[in-house]
Each structure stands twice: as structure tokens, then as C-alpha cells.
Amino acid sequence: GATKYLAGQHSAFLNVLYQNEINESHKFTAGLSSTYDRFNEDFLRVLNGGSAAPSLPSVTDLLNAGVFGEYTFHYEEKFSAIAGIRGDWYNRSGFKFSPRLTLKYSPVDEIVIRANGGRGLRYSMPLVDNIGVLSTSKEYVGAYNTHALEDAWTFGGNITHYMPFGASSNTYLSFDYFRTQFANQMIVDYEYAGKAAPTSIHFYESAGKRSFTDNYQVDFSVEPVERFTVTATFRYTNAKVELE
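As a further point, take the environment of Q9. Relative to the elements of secondary structure, Q9 occurs in strand 1 (residues 4-21). Sequence separation of Q9 and D37 is 28 residues, and the distance between their C-alpha atoms is 6.8 Å. Filtering out sequence-adjacent residues up to four positions away, Q9 remains in contact with D37, R38 and F39. Side-chain polar atoms of Q9 contact the side chain of S11, separated by 3.0 Å.

In C-alpha cells:
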């Protein structure tokens, strides 16, 4: 229709690493990294009656730069741990810390247990991340023309049991659970019940409101005969968000 959205993106990435192996059990990595994105966006949305919605900034610069460190510990083939932390400066949000931890334990050869958790940060792209809004005739309300810093913690684990049958040693049954808990998220509300008109889509940050996703998954894989693999997967997702 009368909506136009033309965009270009130029990106640059810098990563400098220093790695050292103290011995077979202890290793560490330290480094500097930076990511830069420049978006050129040409946006025009004509509403009913001929009025135009506010446009996007023609040029948007998103930059983060920081330092990080990572320590790895191995104990034979039974246990390993990777602990890391990042400190990043975001040009629109200031300084943020992002820790992470990964654990792996194998009590017996047939069973592997993994657990991990950490923090993730990214600048949102409200229209690109929700491209379906361009196909509606609703008015956009709120922060559709900004780039909020989304902040989420993800943690969970996996148990894999390798089974002694099939044409190979890669027959396994696996159970996964992961939860993503948002501290801040860009919400796109198609049924905004506040002061906006009912024919609008409201863009706003969750700003501490409850928002999380639970993922449960079961995988089974077997090679009954050589070069023929059968895989079955069941996944259940429980996603909830508190709207305005």
C-alpha cells in the first residue's frame, strides 16, 4: 500500500584475543571487542485520511565496545567449567556487565549433564524484528522509531543418555530445559488496551514488567541401519509477557 520502508545496514566488528594454557586443566582467554552498525532507513507511512506517521531517523549509529575474560577448567573427561564475564559500553545505554557460566559433567561414559546461564544484551529493531506490522492498516504508537537495549538472562540445562544399540554408538535420548527471563524487552502490542485508539499497534519497553519464556525439549535419535538415521523431537514452549 502506501507504506514504504527501505533500509541499508553497514557493520564493522573488531575482536582481539589473548589465549594462554597454564596446563592441561587450566586455560584462560582475555580480549577486546567492538561492534558498530549504521542503519540508513527511509520510512513513510500514510494513515487513513492522508496524514503521515512520524518518520524514522534517516541515519542511526549503534555502537558497543568492551573487554572480556574467560577461564576454562578441565578435570579429565568427567568435568569441565567455563566462566566468563564481559564489560561493554553501549553508546545509547552506558556500561553493562554480562556474566556467563557453562558446566559439563559426565558421571559415566553413557551420560552427559550440561548446565549454563548468562546475560544477553542487544539493540532492538522494532520494525525489522516485527516485519508483519507493515502489512496492517493500524496506526503505530510509541517507540517504533527507537532502538531500546533488550536485556535478558538465560539459564537451563541438558541431560543426554547414549544407548548401546543401533548401527552406531550415537543413539541417544536427550532432555533440555531453558528459561529466558527479560529485564527489558521491546513489546509490540497489537491489542493495546490503554489510551491509544483500538486501531493502533503500541510499541513500548517492558521496563521491568514480567516477561519470560520456558522451553522444554526431548530428542531421540537412532541409526537402525548404517547411513539411515531416525530422529524424533518434542518441544513445549511457555511464553508469557505482562502488557500495559
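Now that the structure is up, let's keep going.
Bringing the environment of A167 into the picture now. Mapped onto the elements, A167 comes out in the loop between strand 8 (149-163) and strand 9 (171-184). Judged by relative accessible area, A167 falls into the partly exposed class, the value being 46%. Distance in space between the C-alpha atoms of A167 and T229 is 9.4 Å, their sequence separation being 62 residues. What A167 contacts, discounting residues up to four positions off in sequence, is E223, P224, V225 and E226.

What follows covers a nonpolar patch on the surface. On the surface, L14, V16, L32 and V67 cluster together to form a nonpolar patch covering roughly 350 Å² of accessible area. Tracing the sequence through the fold places L32 in strand 2 (residues 26-44). Classification of L32 as partly exposed rests on a relative accessible area of 48%.

The next thing to look at is the sheet that holds strand 9. Strand order in the open sheet formed by 10 strands is 1-2-3-4-5-6-8-9-12-13, with antiparallel pairing between adjacent strands. Of all the strands in the sheet, just strand 1 and strand 13 (228-241) have a single pairing partner and so form its edges. Ignoring strand direction, the axes of neighbouring strands in this sheet form an average angle of 15°. Both strand 6 (residues 111-123) and strand 8 contribute to a ladder of 13 bridges, which runs antiparallel. The residue bridging R119 from the neighbouring strand is W153, located in strand 8.

Along the polypeptide, Y18 turns up in strand 1. Sequence separation of Y18 and D151 is 133 residues, and the distance between their C-alpha atoms is 28 Å. Those residues in contact with Y18 that lie beyond four places of it in its chain are F28, T29 and A30. Here the side chain of Y18 touches N20 through a polar contact of 3.4 Å, side chain to side chain.

Our next topic: unusual backbone geometry. Even without glycine at this site, E76 takes up a positive phi of about 50°. Summarising the element assignment, E76 is placed in the loop between strand 3 (59-75) and strand 4 (79-90). Located in the positive-phi region is A207, a residue other than glycine, with phi close to 50°. Of note, A207 is situated in the loop between strand 11 (200-205) and strand 12 (211-225).

The subject of this paragraph is the packing of aromatic side chains. Under the defined criterion, the tally for this structure stands at 13 aromatic pairs. Centroid distance Y18 to F28: 6.1 Å. Interplanar angle 50°. Geometry classified as tilted. On the criterion of sequence distance, the pair formed by Y18 in strand 1 and F28 in strand 2 is long-range, its members being 10 residues apart. On the accessibility criterion, Y18 (48% relative accessible area) is partly exposed. Consider the rings of F43 and Y140, whose centres lie 6.4 Å apart with planes at 20°: the pair is stacked. Remark: Y140 occurs in strand 7 (residues 139-142) and F43 occurs in strand 2; sequence separation between them is 97 residues. Given the relative accessible area of 6%, F43 is considered buried. Members of the aromatic cluster, each reached through a chain of ring pairs, are Y5, F43, Y140, Y144 and F203. Lying over the aromatic face of F212, R179 brings its terminal NZ or CZ to 4.1 Å of the ring centre.

About the cut-offs
- Residues numbered from 1 in each chain as written.
- Predicted model: local features only at pLDDT ≥ 70, side-chain atom pairs only at ≥ 80, totals over all residues.
- Heavy atoms only, no water.
- Helix = DSSP H or I, 4+ residues; strand = E, 2+ residues; numbered from the N terminus.
- Contact = heavy atoms within 4.5 Å.
- Polar contact = N/O pair within 3.5 Å; in protein donor to acceptor, adjacent residues only side chain to side chain.
- Buried < 20%, exposed > 50% of the residue type's maximum accessible area, 1.4 Å probe, protein only.
- Patch = residues over 30% accessible without salt bridge, like charges linked within 9 Å, V, L, I, M, F, W, Y side chains within 5 Å.
- Areas by Shrake-Rupley, 256 points an atom, 1.4 Å probe, with all protein chains shown as cover.
- Salt bridge = Lys/Arg side-chain N within 4 Å of Asp/Glu carboxyl O.
- Pairing = 2+ DSSP bridges.
- Axes fitted to C-alpha atoms, helices over the stretch in contact; angles between N-to-C directions.
- Phe/Tyr/Trp six-rings, centres within 6.5 Å; stacked < 30°, edge-to-face > 60°.
- Lys NZ or Arg CZ within 6 Å of the ring centre and 35° of its normal.

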